[in-house]
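Structural characterization, general
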Amino acid sequence: KGICLFPAMHRFSVQEERLRAIYELAAGRPGTVVFVHMGVLTVGVRKRLGLPSHFDLRFSNPIDLHRVALEYPGVNFVLPHFGAGFFREALMLGDLCPNVYVDSSSTNAWIRYTPGLDLKQVWARTLEIYGPERVLFGTDSSYFPRGWNAEIFQTQVRILEELGVGENAARAILGENLGRLTT
């Protein structure tokens, strides 16, 4: 149902010619999404073990996906973590490319790179640009090492309530959008 790309981790540009086969594959299989991790990338287990992460941030700008998303309008691309530190760029991309979605997963600690910005403002601006139909909820929970991250879920649901997001839009964000993309 999905193809995951980690450009910074594997040191490639999403615009490279060799990736056309991946985009063509996704275009030929409705319900396939292309998850593209842009922005700051950390792998918690590597950090805990004291292992270096030699990721290349040069390959992390969501703007790099602009041309690709326009060339493949039938492919749905997902940017995790609101762009993970490239929030402005994620907003621009979403404004220009209707086949780009954004997800809310992670602790969203990247917000510290944008002084004065908080998660409620991130949600408000994201909903303004993407609309509730192109936002996917996520907690970034995992089996190891941290398990289900209820606090992230509760915080995000509270923010949706505070922003006055209606029940239908909340249902879409919290699961229906992803279900629609992968069918």
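That block above? That's the structure.
Remember, it's a predicted structure, so these values are computed and weren't measured experimentally. (Residues numbered from 1 in each chain as written. Predicted model: local features only at pLDDT ≥ 70, side-chain atom pairs only at ≥ 80, totals over all residues. Heavy atoms only, no water.)

1. Digging into the packing of helix H5 (residues 87-96) against helix H6 (residues 119-130)
The relative placement of two packed helices is expressed as an angle between their axes plus a distance between the axes. Running from amino to carboxyl end, H5 crosses H6 at an angle of 20°, the nearest separation of the two axes being 9 Å. By the angle class used here, H5 and H6 are roughly parallel. Handedness of the crossing formed by H5 with H6: right-handed. Every residue of H6 that contacts H5 at Phe87, Ala90, Leu91, Gly94 and Asp95 is listed here: Val122, Arg125, Thr126, Ile129 and Tyr130. Taken together, the residues that form the contact of H5 with H6 break down as six nonpolar, two polar and two charged. (Axes fitted to C-alpha atoms, helices over the stretch in contact; angles between N-to-C directions. Helix = DSSP H or I, 4+ residues; strand = E, 2+ residues; numbered from the N terminus. Parallel < 35°, antiparallel > 145°, perpendicular 65-115°, else oblique. Left-handed = near helix turned anticlockwise from the far one by under 90°. Contact = heavy atoms within 4.5 Å. Nonpolar A, V, L, I, M, F, W, Y, C, P; charged D, E, K, R; others polar.)

2. Things to note about helix H8 (residues 167-181)
Relative to the 21 Å expected for 15 residues at 1.5 Å per residue, H8 spans 20 Å between its end C-alpha atoms, a close match to the ideal helical length. Taking the largest bend as the criterion, H8 deviates by roughly 60°, centred on isoleucine 173. Within the span of H8, buried status applies to Ala170, Ala172, Ile173, Asn177 and Leu181. Taken together, the buried residues of H8 touch strand S2 (33-36), strand S3 (76-79), strand S4 (100-103), H6, strand S5 (135-136) and helix H7 (150-162). (Expected span 1.5 Å × (residues − 1). Bend = angle between axes of the 7 residues up to and from the residue. Buried < 20%, exposed > 50% of the residue type's maximum accessible area, 1.4 Å probe, protein only.)

3. Description of the packing of H6 against H7
Direction vectors running N to C along H6 and H7 enclose 60°, while the axes themselves pass 10 Å from each other. Here H7 runs oblique to H6, going by the angle between their axes. Considering the relative orientation of H6 and H7, their crossing is right-handed. Of the residues in H7, those in contact with Leu119, Lys120, Trp123 and Leu127 of H6 are Thr155, Gln156, Ile159, Leu160 and Glu162.

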